[in-house]
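# Summary of structural features
Here is what each chain is made of, one letter per residue.
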Amino acid sequence: MAQGGRRDHMPPALGFQIAMNGKARIFEQTLAQLGAVTREAAVKLFAGLRSDFDRDSASIRNQVEWKSFRDNWLGRKSGVLSQITDNWLKPAEPGLKPVVGQELNALRGHVEAVLEERRKAIEVAAEQSALARERIDLSFPGVERAIGTRHLIRQTFEELERIFLSIGFSVVEGPEIETPYYNFEALNIPEHHPARDNMDTFYIDAPGKPRGLLLRTHTSPMQIRTMEKQKPPVRIVVPGKVYRRDNPDATHNFMFHQIEGLAVDTDITFCDFKGTVEYFVREFLGAKVKTRLRPSYFPFTEPSAEVDASCHVCGGSGCRVCKNSGWIELFGAGMVNPAVYGFVDYDPKRLSGFAFGMGVDRLAFLRYGMNDLQVLFQNDVRFLRQFP
Ligand code: DAH
């Protein structure tokens, strides 16, 4: 830090330095006090002031400094020139007055001219630096916003919907928070039925619902909601999220995706069911893939089936994907259990239909030969970029 009377830490315009005489600055004293009794001595004092002014004005860098510098010199009350008028001119000896007046006018003219010059220069410099700062180079490439892509699950949903829309199904969606009635009872799964065991889920306390609510364990409740609302014929698919109390591993997650299907009409047979399933499998996995139905059990279908496809990777000869069996289990399905119609006021004697429920994650998993379901939920861009 500068010591010993150096004032270079102050902005020059504020700490402007005019010759001192003892403690007081020279313009704070009269000419007589300064010992200037001749014309020459007065002229010399003015010359000294002018050179102080010239020196300090050269170091003004911006508008703020310029303003305070101007006030120091031209300020009405305590500006240098006002003080010179008061301290030098007014009390001057009559013989000196004319020359002091002349010198003062000349100095004022010089100060005003230089200040104006500096003001313009500072303004121009500020403008130029602003222009340089704000200059737009039109030859630069524009800002490119990376466009996201549809997640593989979304893409798979869209592919599944496309297939079913093409054969006359429509797409409906339903709530992820369900009542036990829609999720279980109306699907012919009574309270203590063992079929509930593998669908243990997340229950939610809800005011006014003594039995609580739950995160739906499957998209099947939308079968009931749709048939309650709409008279037959029904042909719907229901894409959506479902929840189960499963620990995440390579083939499980507590949240996954299903697409439900339901077709009910007066003349739907097992052949329609089989034909629809086969059409779907060929569309989704390829024309060479064969379909097989295996007996199974679901409370809301009778008979029930597991739909298997011949392995689309090895063609049925056995490989890692089909665990050497040549077949891959795709989804559960069956003819709608007449008991279900009782819950929705449909006439079981007149109506028949089929239903299916597919795990969408599993279908994507199989189709792309993945070995870990979790990559679908981790949002790692290295995975997502593979499905633009
Ligand atoms: N809801 C069943 C589940 O999540 C899947 C299912 C099986 C749905 C057969 C159906 C069906 O519509 O007919 O395990």
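All of these numbers come straight from a predicted model, not from anything done at the bench.

Our next topic: the sheet that holds strand β7 (residues 234-243). Here we have seven strands laid out as an open sheet, ordered β3-β7-β8-β12-β11-β10-β9, and mixed in their pairing. Here the strands that pair on one side only, and so sit at the sheet edges, are β3 (170-171) and β9 (291-298). Judged from the seven bridges that link them, β9 and strand β10 (residues 301-310) form a sheet pairing that is antiparallel. Of the residues in β10, the one forming a bridge with Phe-298 is Thr-301. Of the strands in this sheet, β7, β8 (255-265) and β12 (352-359) are in contact with helix α8 (residues 221-229), which crosses β8 at around 40°.

Close to the ligand lie His-218, Ser-220, Glu-260, Phe-298, Thr-301, Gly-332, Ala-333, Gly-334, Ala-355, Phe-356 and Gly-357. Those elements that place two or more of their residues in the shell around the ligand are β11 (327-336) and β12.

Looking at the protein, the domain boundaries give domain 1 (20-134) and domain 2 (152-384). Inter-centroid distance (C-alpha atoms) of domain 1 to domain 2 is 93 Å.

Looking now at the sheet that holds strand β6 (residues 209-215). Strand order in this open sheet of three strands is β4-β6-β5, and the pairing throughout is antiparallel. The sheet is open, and its two borders are formed by β4 (177-178) and β5 (203-206), each paired with just one other strand.

Let us look at the pairing of β12. By the criterion of burial, β12 is predominantly enclosed, with eight of the eight residues buried. On β12, burial covers both faces: Ser-352, Phe-354, Phe-356 and Met-358 on one face and Gly-353, Ala-355, Gly-357 and Gly-359 on the other are all buried.

The next thing to look at is the pairing of β7. Extensive coverage of β7 is indicated by the burial of seven of its 10 residues. Relative to β7, β3 runs parallel, the two sharing two bridges. The residue bridging Val-171 from the neighbouring strand is Val-237, located in β7. Note: β7 against β8, 10 bridges, orientation antiparallel. Residue pairing for β8: Tyr-243 is matched across the bridge by Met-255.

The amide bond that connects Pro-232 to the next residue, Pro-233, takes the cis arrangement and shows omega of 5°. Mapped onto the elements of the fold, Pro-233 is located in the loop between α8 and β7. The omega torsion across Glu-302 and Pro-303 is 0°, close enough to zero to call that bond cis. Inspection of the secondary structure assignment puts Pro-303 in strand β10. Of note in this structure, Asn-188 is not a glycine but carries a positive phi near 70°. Relative to the helices and strands, Asn-188 is located in the loop between α7 (180-183) and β5.

Bringing the nonpolar core into the picture now. The nonpolar side chains of a soluble globular protein tend to be buried with one another. Counting 51 residues, the largest nonpolar core has Ala-333 and Phe-354 as the members making the most contacts within it. Top contributing element to this core by residue count: helix α9 (residues 270-285), with six residues. In terms of nonpolar packing, the next biggest core, distinct from the first, is built from 20 residues, Ile-26, Ala-42, Leu-49 and Val-80 among them.

Interhelical geometry of helix α6 (residues 152-165) versus helix α11 (residues 360-367) gives an angle of 95° and a closest axis separation of 10 Å. With respect to each other, α6 and α11 are oriented roughly perpendicular. Contact residues: α6 offers Leu-152, Ile-153, Thr-156, Phe-157 and Leu-160, while α11 offers Val-360, Asp-361, Leu-363 and Ala-364. Split into classes, the residues belonging to the contact of α6 with α11 amount to seven nonpolar, one polar and one charged.

Turning our attention to α6. Taking 1.5 Å as the rise per residue, α6 with 14 residues should run 20 Å; its terminal C-alpha atoms sit 20 Å apart, in good agreement. Inspection of α6 places Leu-152, Thr-156, Phe-157, Leu-160 and Phe-164 among the buried residues, and these make up the whole buried set. Across the axial projection of α6, the buried residues extend over an arc of 140°, all falling on one side. In α6, the exposed positions angled more than 90 degrees off the buried face are occupied by Glu-158, Arg-162 and Leu-165.

How each quantity is defined
- Residues numbered from 1 in each chain as written.
- Predicted model: local features only at pLDDT ≥ 70, side-chain atom pairs only at ≥ 80, totals over all residues.
- Pairing = 2+ DSSP bridges.
- Helix = DSSP H or I, 4+ residues; strand = E, 2+ residues; numbered from the N terminus.
- Contact = placed C-beta atoms within 7 Å.
- Axes fitted to C-alpha atoms, helices over the stretch in contact; angles between N-to-C directions.
- Near = placed C-beta within 6 Å.
- Domains from an automatic or database assignment.
- Buried ≥ 20, exposed ≤ 12 C-beta atoms within 10 Å, placed from the backbone.
- Core = buried A, V, L, I, M, F, W, Y, C linked by C-beta atoms within 7 Å.
- Parallel < 35°, antiparallel > 145°, perpendicular 65-115°, else oblique.
- Nonpolar A, V, L, I, M, F, W, Y, C, P; charged D, E, K, R; others polar.
- Expected span 1.5 Å × (residues − 1).
- Arc of directions from axis to C-beta.

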